[in-house]
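# Survey of secondary and tertiary structure
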Amino acid sequence: MLELILFSSGLLIATLFSMIGLAGGSFIVPMMVLAFGLPTQQAVGVSLFAVMFTTISATLAYAVQRKIHFKVGLLLDTLDVPGAFLGAYLTTLVASNWLAGMFGGLLIFLAARMFQRRNSVREIETTESLRLSRRVVAATVLGSLASGIVSGMFGVGGGVIDELVMILMLGMSIRLSAGTAMFGMAITTVAALVPHWLLGNVLLEYAVPLTIGCVIGGQIGPYLSKRTSAAILRRILAAVFVVIGVRMLLVSFLGG
């Protein structure tokens, strides 16, 4: 019974989140803690194991659709690790509660912008249409740093910032940004998983059934994304941002 619940949960989460270029770790971790009673460290380890296979599965699916800008994905990974160290260090200098509130408010504001975005806005649909100009390189590298800082400070996956950079700053379509984000996360998640694996935080009795569902969902999500209008995908992504933003606000108020 436990295996079936984990499989179904992984399937649903991976399907929904891989449609929009997110891995679902910010939902898997609290689920493992609240619903299955795992300590936070082991919940993170199980989540990273599942997310690693989710992103690899979705990357393969988006690659078949030619919806990955590999160079942008690599650039969005360049400063993730230094940014995460900086973010963790900043938590020792600045009270993170009000920063979490500000970040949550910003996410909700940006989600509102995405809800209001018109379909007539021209978006970049193919990798050939986006050249690596100085502006693009600067935006992606700074976005990578910001992604790492946010991850290090709040534990929010870097895919959130990566998506915002690609959609709002680079003008990429949500399908192209989703595939690119999954590719970038597939690389960084492997590195993040290693220490948790060595520390014994990956409980395979939970991770394996969850991951099997995630791998299948990682194929279904890109398939559904291809057949869903861009407007609906943007609304789904914006709704997820609202949920994460509200969570950050709650962290701010309850922690303060």
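Above this text sits the structure in question.
### A word on the environment of L60
Its place among the elements puts L60 in helix α3 (residues 40–64). For L60 and I167, which are 107 residues apart along the polypeptide, the C-alpha to C-alpha distance reads 21 Å.

### Details of the nonpolar core
The biggest cluster of nonpolar side chains holds 65 residues, and the ones touching the most others in it are M32, L170, L210 and F241. Of all the elements, α3 adds the most residues to this core, at nine residues. The contact partners of F241, leaving out residues within four places of it in the chain, are L22, L107, A111, M114, V160, E163 and L164.

### Some words on the layout of surface pockets
Empty space among the atoms becomes apparent when a probe as large as a water molecule is rolled across them. In this model, the second largest pocket occupies a volume close to 210 Å³. F103, L106, L107, L110, A146, I161, L164, V165, L168 and M169 are the residues that line the second largest pocket. When contributions to the lining of the second largest pocket are tallied by element, the ones reaching two or more residues are α6 (96–116) and α8 (159–169). The greatest single-element share of the lining of the second largest pocket, amounting to five residues, is contributed by α8.

### Observations concerning the environment of R235
In this fold, R235 is placed in helix α11 (residues 230–255). Between the alpha carbons of R235 and L110 there is a distance of 12 Å; along the sequence they are 125 residues apart.

### Examining unusual backbone geometry
In this structure, R66 is a non-glycine residue whose phi angle is positive, near 60°. Along the chain, the position of R66 falls in the loop between α3 and α4 (70–75). The class for R66 is exposed, based on a relative accessible area of 62%.

Definitions and limits used
Residues numbered from 1 in each chain as written. Predicted model: local features only at pLDDT ≥ 70, side-chain atom pairs only at ≥ 80, totals over all residues. Heavy atoms only, no water. Helix = DSSP H or I, 4+ residues; strand = E, 2+ residues; numbered from the N terminus. Core = buried A, V, L, I, M, F, W, Y, C linked by side-chain atoms within 4.5 Å. Buried < 20%, exposed > 50% of the residue type's maximum accessible area, 1.4 Å probe, protein only. Contact = heavy atoms within 4.5 Å. 1 Å grid on protein atoms, 1.4 Å probe; cavity = no way out; pocket = protein on both sides within 12 Å on 5 of 7 lines; lining within 4 Å. Points joined across faces, edges and corners; volume = space filled by probe spheres on them.

Limitation: the analysis is restricted to geometry and does not speak to function.
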